[in-house]
Amino acid sequence: MNATALAVALSLASAVAYASAAVAQERIVARARPGAPLLALLGTGVWWASTGLNLTGSLLHVVALRYGPLTVVQPLGALTLVVAVPLGARAARRRVGETEWRGTALTLLGLAALLLTVSGPVRERALSPGSALAVAGGAVVVLAALCRPADASGLRRAAASGVASGVGSALTQTMTVTLTRHGGPAAVAWGQTALLGVLVAGFAVGGLLLAQSAYRGGLGAPLATSTLANPVAAACIGLCLLGEGFQGGTLGVLLAGGGALVAARGVVLLTRGAPRPAPSGSTVAEAMA
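About the thresholds
- Per-chain numbering applies: the sequence of each chain, read as written, is numbered from 1 onward.
- In keeping with the predicted nature of the model, local features appear solely for residues at pLDDT of at least 70, side-chain atom pairs appear and are counted solely at 80 or more, and the whole-chain, interface and lining totals rest on all residues.
- By convention in this description, side-chain values take in all heavy atoms of the structure and omit both hydrogens and water.
- Helix numbering and strand numbering both begin at the N terminus, where a helix is a DSSP run of H or I of at least 4 residues and a strand a DSSP run of E of at least 2.
- Categorising residues by exposure relies on relative accessible area from a 1.4 Å probe, with only protein chains included: less than 20% of the type maximum marks a residue as buried, more than 50% marks it as exposed, and the intermediate range marks it as partly exposed.
- For this analysis, residues touch if any pair of their heavy atoms sits within 4.5 Å.
- Residue exposure ignores everything except the shown protein chains as possible cover, and the areas themselves are Shrake-Rupley values with a 1.4 Å probe.
- Aromatic pairs are defined between Phe, Tyr and Trp rings, using the six-membered ring for Trp, whenever the two ring centres lie within 6.5 Å; interplanar angles under 30 degrees are classed as stacked, those over 60 as edge-to-face, and all others as tilted.
- Charges are assigned to positions over rings by a cutoff of 6 Å between ring centre and Lys NZ or Arg CZ, combined with an angular limit of 35 degrees from the ring normal.
- Patches in this entry comprise residues that are over 30% relatively accessible and not in a salt bridge; like charges within 9 Å are linked, as are nonpolar side chains (Val, Leu, Ile, Met, Phe, Trp, Tyr) within 5 Å.
- Counted as salt bridges are all cases of a side-chain nitrogen of Lys or Arg within 4 Å of a carboxyl oxygen of Asp or Glu.
- Note on method: axes are straight lines fitted to C-alpha atoms, helices fitted across the in-contact stretch only, with angles between N-to-C directions ranging 0 to 180 degrees.
- Left-handed describes a crossing whose near helix is turned anticlockwise from the far helix by less than a right angle; the clockwise case is right-handed.
- Note on residue categories: nonpolar means Ala, Val, Leu, Ile, Met, Phe, Trp, Tyr, Cys or Pro, charged means Asp, Glu, Lys or Arg, and polar means any other residue, Gly included.
- Pairs of cysteine sulfur atoms within 2.5 Å are what we label disulfides.
- pLDDT expresses, on a scale from 0 to 100, how confident the predictor is about each individual residue.
- Take the number of residues in a helix, subtract one, and multiply by 1.5 Å to get its expected span.
- As used in this record, nonpolar core signifies buried Ala, Val, Leu, Ile, Met, Phe, Trp, Tyr and Cys residues forming a set joined through side-chain atoms within 4.5 Å.

**Describing the overall build of the protein chain**
If you tally the helices and strands in the protein chain, you get eleven helices and zero strands. Taken from the N to the C terminus, the helices and strands of the protein chain come in the order α-α-α-α-α-α-α-α-α-α-α. Out of the 289 residues in the protein chain, the part that is buried amounts to 45%. Counting contacts in the protein chain only where the partners sit at least 6 residues apart, residues at least 24 apart contribute 83% of the total. Accessible surface for the protein chain amounts to roughly 13,500 Å². Of this, 69% is attributable to carbon and sulfur atoms.

**Focus on the side chain of threonine 117**
Looking at where threonine 117 falls in the secondary structure, it is placed in helix 5 (residues 98–118). In this view, threonine 117 contacts Gly245, Phe246, Gln247, Gly252, Leu255 and Ala256; residues no more than four positions away in its chain are not counted.

**Things to note about the packing of aromatic side chains**
Per the stated rule, a full pass over the model turns up zero aromatic pairs. Positioned over the ring face of tyrosine 67 is arginine 66, at 5.6 Å from the centre of the ring.

**Some remarks on a nonpolar patch on the surface**
The grouping of Leu239, Phe246 and Val253 at the surface amounts to a nonpolar patch, some 220 Å² of accessible area in total. Examined against the element boundaries, leucine 239 turns out to sit in helix 9 (residues 220–241).

**Considerations on the packing of helix 7 (residues 154–180) against helix 9**
It is the contact of helix 7 with helix 9, at a shortest axis distance of 7 Å, that shows an interaxial angle of 35°. For the pair helix 7 and helix 9, the crossing hand works out as right-handed. Contact residues: helix 7 offers Leu155, Ala158, Ala159, Ser161, Gly162, Val163, Ser165, Gly166, Val167 and Ala170, while helix 9 offers Ala221, Pro222, Thr225, Ser226, Ala229, Asn230, Ala233, Ala234 and Ile237. Class assignment of the residues belonging to the contact of helix 7 with helix 9 gives a composition of twelve nonpolar, seven polar and no charged.

**A closer look at the state of the cysteines**
A full pass over the atoms with the stated rule returns zero disulfides. In this model cysteine 236 remains outside any disulfide bridge; the closest cysteine sulfur is found in cysteine 240, 5.9 Å from its own.

**Some points on the side chain of threonine 107**
Locating threonine 107 in the fold gives a position in helix 5. Sequence-distant contacts of threonine 107, that is, excluding residues within four places in its chain, are made with Ala78, Val82, Val262, Ala263, Gly266, Val267 and Leu270.

**Structural notes on the packing of helix 4 (residues 79–91) against helix 5**
In a packed pair of helices, the relevant descriptors are the angle between the two axes and the axis-to-axis distance. The interhelical angle for the contact between helix 4 and helix 5, taken along N-to-C directions, is 145°, at an axis separation of 10 Å. Pair helix 4 / helix 5 crosses with left-handed handedness. The residues of helix 5 that touch helix 4, namely those facing Leu79, Val82 and Val85, are Glu100, Thr104, Thr107, Leu108 and Leu111. The residue makeup of the contact of helix 4 with helix 5, split by class, is five nonpolar, two polar and one charged.

**Comments concerning the pattern of salt bridges**
By the definition in use, this model includes one salt bridge. The residue arginine 94 makes a salt bridge to glutamate 100 at a minimum N-O spacing of 3.0 Å. For arginine 94, a relative accessible area of 26% translates into the label partly exposed. Judged by its relative accessible area of 1%, glutamate 100 falls in the buried class.

**Considering the confidence of the model for the protein chain**
Chain-level statistics for the protein chain give a pLDDT mean of 79 and a share of 79% at 70 or above. Helix 6 (residues 129–146) holds the highest mean pLDDT among the elements of the protein chain, 92, whereas helix 11 (residues 281–288) holds the lowest, 40.

**As for helix 5**
Along its 21 residues, helix 5 runs 30 Å from first to last C-alpha, staying within 8% of the 30 Å computed at 1.5 Å per residue. Among all positions in helix 5, only Glu100, Gly103, Thr104, Thr107, Gly110, Leu111, Ala113, Leu114, Thr117 and Val118 are buried.

**What to know about the nonpolar core**
Among the nonpolar cores identified, the biggest contains 30 residues, and Leu70, Leu127, Leu143, Val167, Leu171, Phe203 and Ile237 are the most heavily contacted of them. Going through the elements one at a time, helix 1 (3–31), helix 2 (45–67), helix 3 (70–73), helix 6, helix 7, helix 8 (190–214) and helix 9 are the ones with two or more residues in this core. Sorting elements by how many residues they give to this core places helix 7 first, with eight residues. Beyond its immediate chain neighbours, meaning those up to four positions away, phenylalanine 203 contacts Ala136, Ala139, Val140, Leu143, Ala164, Val167, Gly168 and Leu171. Counting residues in hydrophobic clusters, the runner-up holds 18 residues, among them Val85, Leu111, Ala256 and Leu270.

**Re the environment of alanine 234**
Structurally, alanine 234 can be placed in helix 9. Judged by relative accessible area, which is 0%, alanine 234 ranks as buried. When the C-alpha positions of alanine 234 and valine 167 are compared, they lie 6.0 Å apart, and in sequence the two are 67 residues distant. Residue contacts for alanine 234: discarding those within four places in its chain leaves Leu70, Gln74 and Gly166.

Next comes the structure, spelled out in C-alpha cells:
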C-alpha cells in the first residue's frame, strides 16, 4: 500500500470515528433532562466512549496527514457527514431521507473525482519555518476580517472556523513530518517544534470556539460553510506552498474543480436533509469541527 492509499484509509477510519462520536453525543444530549447541567453528562459511560472516539478520530487524522497530501486528506473530512447519515438514522430509528441519499451520492462522487486528480507526486511534505509563520500570520488576518464585530454573522464565523481548522491541519502536518524524519525527534529544533505546537493548539481551540459561536443560530448552513472552508484553506496551502498539484493537466484541473463543486453541493444537502434534535446541535457541530 503506497503512502497516499494509506492516508485515504486512515482518513476513512477517522471519519467513521468522528461520525460515531457525533451521533452518540447527539443522542445523549437529546435524551438528557431539560435544564440538566452539562457536567451531568460526565457520569455516563456513553459520553466517555464518544470522547474516546473523538480522540481516536483526531489521532487517525494526524497520522493520515503524515502520509498524505493536504489536498487529499482534508476534503475526506466531509465523509464524516456521509457516515453520520446512516448511523444517525439508525440511532433515531428512522429511514434515510431522499435528500440525504442525494447528498451522500453527490459527496462521494465529488470526492472520487478529487482523489483521481490530486494524488500526484508531492514536492514538499512540510512547510518551512518561515512559511509556517507566514501561513499563521496570514490566517490571523483572514480570521480578524471575517470576525469583525460589526458584521460577524454566523456564516462568517463558520467560514472562520473552517479556515482555522484547515490551517491547523497544515501546521499539524508540518509538525508531524518534522518530528518523524531526519533521524527523529533528536534531530529536530525543539524551539521550532514548540512554536508549531502552540500555533496548532491556538488554531484548534480558535476553530472550536468559532464553531460554537456560529452554530447558535442553527446548524445546517454554518456546518456546511465550515465543512467546505476547511479543505479550501488547506488546499490553498498545499497547492501554493507544498507543491501539491493535479494530475492530467488542464483536464485534471477541470475535473478537480467539478468534483469540488459536486461534493460541495452534496455537503449542503447533507446538512439540510437530516432532522436533528434542537438541544444537540452544538454538540454534534463540535464533534464534526
